[in-house]
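Descriptive analysis of the structure
Residues per chain are reported as follows:
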Amino acid sequence: AQTVTQSQPEMSVQEAETVTLSCTYDTSESNYYLFWYKQPPSRQMILVIRQEAYKQQNATENRFSVNFQKAAKSFSLKISDSQLGDTAMYFCALEWLSGSRLTFGEGTQLTVNP
Amino acid sequence: GAVVSQHPSWVICKSGTSVKIECRSLDFQATTMFWYRQFPKQSLMLMATSNEGSKATYEQGVEKDKFLINHASLTLSTLTVTSAHPEDSSFYICSAVGRQGRSVDEQFFGPGTRLTVL
């Protein structure tokens, strides 16, 4: 069975500062995919960043980057220069095969304060 | 990017009636679609996996006779909540698997449907 754990139910950050969201997971697969999704108040799920487990290099997308520690089964998301529009629920997710079911964490509600 | 639509976006119905929710992939073909349920301030819970032309695979604890899923074409999957009751009130989200210039499949999410059963 696969599990994803997000231990921070809520976090807040000041605009323009940096914040890191934590995620740990467990899987018996050697190759898999990890994601961070953002769900703003509209509730539309938006893909933030994706990491293939076989790639050692951490994925980056503009202000978003991850710290992928495969041995520790840790996958944190760093948001730099936080903006008010980053306020949302963030979900960490695991997929063992491309296009297969996603296992989601409990979510972290991030609030960016002006 | 790929677009997935859901209809309706919000529905209110009386207890005992059935409600159908449509999920469409607008600019790509999706052999697989997933249906999720989400309660307020909680995570997405997978209900079932829908494959075109075959019966849906339901997660443990999900009543297949209550949540009927039909994936009749490569662009449309429907979820019918039969004999709805207030406890079925929730936010239902679908996703469709496709490729958009990538070498691997990706899930694209619909905007969700809010169901309120009175």
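Now for the interface of chain B and chain A. Taken residue by residue, the interface counts 22 residues in chain B and 19 residues in chain A. In total, chain B and chain A occlude about 1,700 Å² of area from one another, counting both sides; carbon and sulfur atoms represent 50% of this. When residues of chain B are sorted by the area they lose upon contact with chain A, Ser43, Gln107 and Phe109 of chain B head the list and together hold 26% of the total. At the boundary of chain B and chain A, one finds one salt bridge. Where Arg101 of chain A meets Glu59 of chain B, a salt bridge forms, and the shortest distance between an N and an O atom there is 2.9 Å. Our count for the chain B to chain A interface comes out at six residue pairs in polar contact (both at pLDDT 80 or more).

For the rest of this paragraph, the subject is the side chain of Gln107 of chain B. By the secondary structure assignment, Gln107 of chain B is in strand β10 (residues 106-109). Here Tyr36 of chain B takes part through its side chain, which lies 3.2 Å from a polar atom of the side chain of Gln107 of chain B. A polar atom in the side chain of Gln107 of chain B sits 2.6 Å from the side chain of Ser95 of chain B. Those residues in contact with Gln107 of chain B that sit more than four places away from it in its chain are Tyr37, Glu95, Ser100, Arg101 and Leu102 of chain A together with Phe34, Tyr36, Ser95, Ala96 and Val97 of chain B.

This brings us to the sheet that holds strand β3 (residues 19-25) of chain B. Residue and element names in this part refer to chain B. Pairing is antiparallel across the open sheet formed by four strands, whose spatial order is β1-β3-β8-β7. Pairing within the sheet leaves two strands with one partner each, and these edge strands are β1 (4-7) and β7 (67-73). With strand direction ignored, the average angle separating the axes of adjacent strands in the sheet is 15 degrees. Sheet topology places β1 next to β3; four bridges connect them, and they run antiparallel. The partner of His7 across the bridge, within β3, is Glu22.

The next point concerns unusual backbone geometry. Of note, the bond from His7 of chain B into Pro8 of chain B is cis; its omega dihedral lies within 30 degrees of zero at 0 degrees. Of note, Arg43 of chain A is a non-glycine position whose phi angle comes to about 75 degrees, a positive value. Secondary-structure assignment places Arg43 of chain A in the loop between β5 (33-39) and β6 (46-52). Taking the relative accessible area as the measure of exposure, Arg43 of chain A reaches 13% and is therefore buried. Even without glycine at this site, Ser83 of chain B takes up a positive phi of about 45 degrees. The partly exposed category is assigned to Ser83 of chain B, whose relative accessible area is 34%.

Let us now look at the state of the cysteines. Considering all chains together, one arrives at two disulfides over all chains under this definition. The disulfide partner of Cys23 of chain A is Cys92 of chain A, and the gap between their sulfur atoms is 2.0 Å. Measuring the twist about the S-S bond at about -70 degrees, one finds the Cys23 of chain A-Cys92 of chain A disulfide to be left-handed. With a gap of 69 residues between them, Cys23 of chain A in the loop between β3 (19-21) and β4 (24-26) and Cys92 of chain A in strand β10 (residues 88-95) connect regions that are remote in the sequence. What pairs with Cys23 of chain B in a disulfide is Cys94 of chain B, and their sulfur atoms sit 2.0 Å apart.

All names here are of chain A. Within β10, eight of the eight residues are buried, which leaves it mostly tucked inside the rest of the structure. Along β10, one buried face is formed by Ala88, Tyr90, Cys92 and Leu94 and the opposite face, lined by Met89, Phe91, Ala93 and Glu95, is buried too. With three bridges joining them, β10 and strand β12 (residues 108-113) adopt antiparallel strand pairing. Directly across from Ala88, in β12, lies its bridge partner Leu110.

Reading the values: rules and limits
- Residues numbered from 1 in each chain as written.
- Chains lettered and ligands numbered in written order.
- Predicted model: local features only at pLDDT ≥ 70, side-chain atom pairs only at ≥ 80, totals over all residues.
- Heavy atoms only, no water.
- Contact = heavy atoms within 4.5 Å.
- Buried area = accessible area lost by both parts, 1.4 Å probe.
- Salt bridge = Lys/Arg side-chain N within 4 Å of Asp/Glu carboxyl O.
- Polar contact = N/O pair within 3.5 Å; in protein donor to acceptor, adjacent residues only side chain to side chain.
- Helix = DSSP H or I, 4+ residues; strand = E, 2+ residues; numbered from the N terminus.
- Pairing = 2+ DSSP bridges.
- Axes fitted to C-alpha atoms, helices over the stretch in contact; angles between N-to-C directions.
- Buried < 20%, exposed > 50% of the residue type's maximum accessible area, 1.4 Å probe, protein only.
- Disulfide = S-S within 2.5 Å.

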